[in-house]
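Here's the letter readout for the chains.
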Amino acid sequence: MINKCINSILSALPAPSCVLCGTGATREMALCPDCRDDLHPNHHPCPHCAAPLPAAAASVCGECAGLAGGADRVFAPYLYDQTLGRLINRFKFHSGFDCGGVLARLLEAHIAARSDPLPQLLIPVPLHPKRLRERGFNQALELARPLARRLAIPLDPQRIERLRPTPPQSRLDAPRRRANLRGAFRMRGALTANHVALIDDVITTGSTLRELTRLLRRAGVERVECWAVARTPRR
Ligand SMILES: [Zn+2]
Ligand SMILES: [Zn+2]
């Protein structure tokens with residue numbers, strides 16, 4: 001009865017306008033169908049870092065082929081291109097939480113379509129306290145909050161601590177990225193979940209998520225997933 005009332009109130013409200021172009025969006029997401037069509041799906045992602053692979057290529061990218069211990073599953077349903085970049089920039093650098101809501105919906109739509117068991121715990125990639133003070137919020141946590149609520153998965157934003165700020169990974173080659181991240185994170189206390197998903201906005205190189213995956217495995221987590229909205233193609 002209450003649901004019926006809520007639904008009839010919702011259907012009487014005007015649909016939200018698109019966060020990018022201002023025209024009419026759908027009721028479930030403040031992004032119009034045209035802007036949504038401008039997004040580029042990541043059709044053939046590397047299973048360990050989500051780097052886009054040519055359709056006919058090997059099943060793992062060249063960089064992951066030589067590395068052990070990656071995540072069991074990496075989700076990054078879109079490529080980081082112009083339209084997605086506009087959503088991310090407004091969310092991250094202009095506190096555009098309406099854009100953050102759209103990004104969470106886009107990710108959720110892909111996660112909800114899967115048939116295998118969902119993780120028992122979500123952990124957003126932590127920001128260093130200095131970066132957090134500058135930005136005022138952690139974009140990974142803001143994406144994780146609605147996902148946790150709608151998918152009914154507990155969220156633990158305090159479990160992993162970032163001990164030092166690290167320069168952007170994309171400017172470094174693979175061995176330097178690994179050295180750059182060594183000792184950058186620490187686990188606080190014990191974990192009881194054995195299936196965990198790490199949440200981030202964009203996967204740029206996969207190095208940060210790989211380092212966090214190692215940390216979770218050392219803490220006894222058996223199955224590690226990484227969820228992000230988009231993957232930056234390798235240059
Ligand atoms: Zn639009
Ligand atoms: Zn890869």
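Nothing here was measured: the structure is a model prediction, and the numbers come from that model.

## A short note on the side chain of Asp200
Argument step 1. Here Asp200 shows up in strand 6 (residues 195-203).
Argument step 2. Comment: no salt bridge for buried Asp200; closest opposite-charge side chain is Lys92, at 6.4 Å.
Argument step 3. Residue contacts for Asp200: discarding those within four places in its chain leaves Val125, Gln139, Ala140, Leu143, Trp227, Ala228 and Val229.

## Let's talk about the packing of aromatic side chains
Argument step 1. Tallied over the entire structure, the rule returns three aromatic pairs.
Argument step 2. Where Phe91 meets Phe137, the ring centres are 5.7 Å apart and the plane angle is 40 degrees; that geometry is what we call tilted. In this pair, Phe91 sits in helix 4 (residues 82-93) while Phe137 sits in the loop between helix 6 (129-135) and helix 7 (139-151), placing the two residues 46 residues apart along the sequence. Each member of the pair, Phe91 as well as Phe137, is classed as buried.
Argument step 3. A network of ring pairs unites the aromatic residues Phe91, Phe97 and Phe137 as a single cluster.

## A short note on the domain arrangement of the protein
How big an interface is tends to be expressed through the accessible area that disappears when the partners come together.
Argument step 1. When its domains are assigned, the protein resolves into domain 1 (1-38) and domain 2 (40-231).
Argument step 2. One C-alpha centre belongs to domain 1, the other to domain 2, and the line joining them spans 27 Å.
Argument step 3. Counting residues at the interface gives nine residues for domain 1, matched by 13 residues for domain 2.
Argument step 4. Taken together, the two surfaces of domain 1 and domain 2 that pack against each other cover about 930 Å², and 65% of this comes from carbon and sulfur.
Argument step 5. The three residues of domain 1 that bury the most area against domain 2 are Val19, Leu20 and Asp38, which together make up 58% of that side's buried surface.

## Concerning the coordination of the zinc ion (ligand 2)
Argument step 1. Each protein donor to the zinc ion (ligand 2) is listed here as Cys46 (SG), Cys49 (SG), Cys61 (SG) and Cys64 (SG); together their distances run 2.3 Å.
Argument step 2. Mapped onto the sequence, the donors of the zinc ion (ligand 2) take the spacing C-x2-C-x11-C-x2-C. For the pair Cys61 and Cys64, one class covers both residues: buried.

## Looking at the environment of Arg133
Argument step 1. For Arg133, the position within the fold is in helix 6.
Argument step 2. Overall, Arg133 belongs to the exposed group, its relative accessible area being 65%.
Argument step 3. Separated by 87 residues in the primary sequence, Arg133 and Cys46 place their C-alpha atoms 34 Å from one another.

## Looking at the layout of surface pockets
Argument step 1. Its volume calculated, the largest pocket comes out at about 730 Å³.
Argument step 2. Around the largest pocket sit 33 residues that line it, and Lys92, Pro168, Asp201, Val202 and Thr204 are the ones nearest its centre.
Argument step 3. Among the elements of the structure, helix 4, helix 6, helix 7, strand 6 and helix 9 (207-218) are those that each provide at least two residues to the lining of the largest pocket.
Argument step 4. Of the residues in the lining of the largest pocket, the class split is 13 nonpolar, 13 polar and seven charged.
Argument step 5. As a volume, the second largest pocket reaches approximately 310 Å³.
Argument step 6. In terms of lining residues, the second largest pocket is bounded by 14 residues, among which Pro126, Leu127, Leu132, Pro157 and Gln158 are the most central.
Argument step 7. Looking at the lining of the second largest pocket, the elements that each hand over two or more residues are helix 6, helix 7 and strand 4 (160-162).
Argument step 8. At three residues, the largest contribution of residues to the lining of the second largest pocket is made by strand 4.
Argument step 9. A class-by-class count of the residues in the lining of the second largest pocket yields eight nonpolar, two polar and four charged.

## Considerations on the coordination of the zinc ion (ligand 1)
Octahedral six-donor coordination of a metal ideally yields angles of 90 or 180 degrees, compared with 109.5 degrees for tetrahedral four-donor coordination.
Argument step 1. Distances from the zinc ion (ligand 1) to its protein donors, Cys18 (SG), Cys21 (SG), Cys32 (SG) and Cys35 (SG), fall at 2.3 to 2.4 Å.
Argument step 2. Its four donor atoms give the zinc ion (ligand 1) angles of 104 to 115 degrees at the centre, a pattern that matches the tetrahedral case.
Argument step 3. The sequence pattern describing where the donors of the zinc ion (ligand 1) fall on their chain is C-x2-C-x10-C-x2-C. One end of the pair, Cys18, is in the loop between helix 1 (2-12) and helix 2 (33-37); the other, Cys35, is in helix 2, with 17 residues separating them in the sequence.

## What to know about helix 8 (residues 174-181)
Argument step 1. Every buried residue of helix 8 is listed here: Ala174, Arg177, Asn180 and Leu181. With its buried residues spanning 120 degrees around the axis, helix 8 presents them on a single face. Exposed residues on helix 8 whose side chains face more than 90 degrees from its buried face are Pro175 and Arg176.
Argument step 2. Where the residues of helix 8 are buried, they touch helix 3 (62-65), strand 5 (185-187) and helix 9.
Argument step 3. Immediately beyond the C-terminal end of helix 8, within one or two residues, lies Gly183, with a positive phi of roughly 75 degrees.

Calculation notes
Residues numbered from 1 in each chain as written. Chains lettered and ligands numbered in written order. Predicted model: local features only at pLDDT ≥ 70, side-chain atom pairs only at ≥ 80, totals over all residues. Heavy atoms only, no water. Helix = DSSP H or I, 4+ residues; strand = E, 2+ residues; numbered from the N terminus. Buried < 20%, exposed > 50% of the residue type's maximum accessible area, 1.4 Å probe, protein only. Lys, Arg positive; Asp, Glu negative; His and termini not counted. Salt bridge = Lys/Arg side-chain N within 4 Å of Asp/Glu carboxyl O. Contact = heavy atoms within 4.5 Å. Phe/Tyr/Trp six-rings, centres within 6.5 Å; stacked < 30°, edge-to-face > 60°. Domains from an automatic or database assignment. Buried area = accessible area lost by both parts, 1.4 Å probe. Donors = N, O, S within 2.8 Å, 3.2 Å for Na, K, Ca; no water. 1 Å grid on protein atoms, 1.4 Å probe; cavity = no way out; pocket = protein on both sides within 12 Å on 5 of 7 lines; lining within 4 Å. Points joined across faces, edges and corners; volume = space filled by probe spheres on them. Nonpolar A, V, L, I, M, F, W, Y, C, P; charged D, E, K, R; others polar. Tetrahedral: all angles 85-135°; square planar, octahedral: opposite > 155°, others 65-115°. Arc of directions from axis to C-beta.

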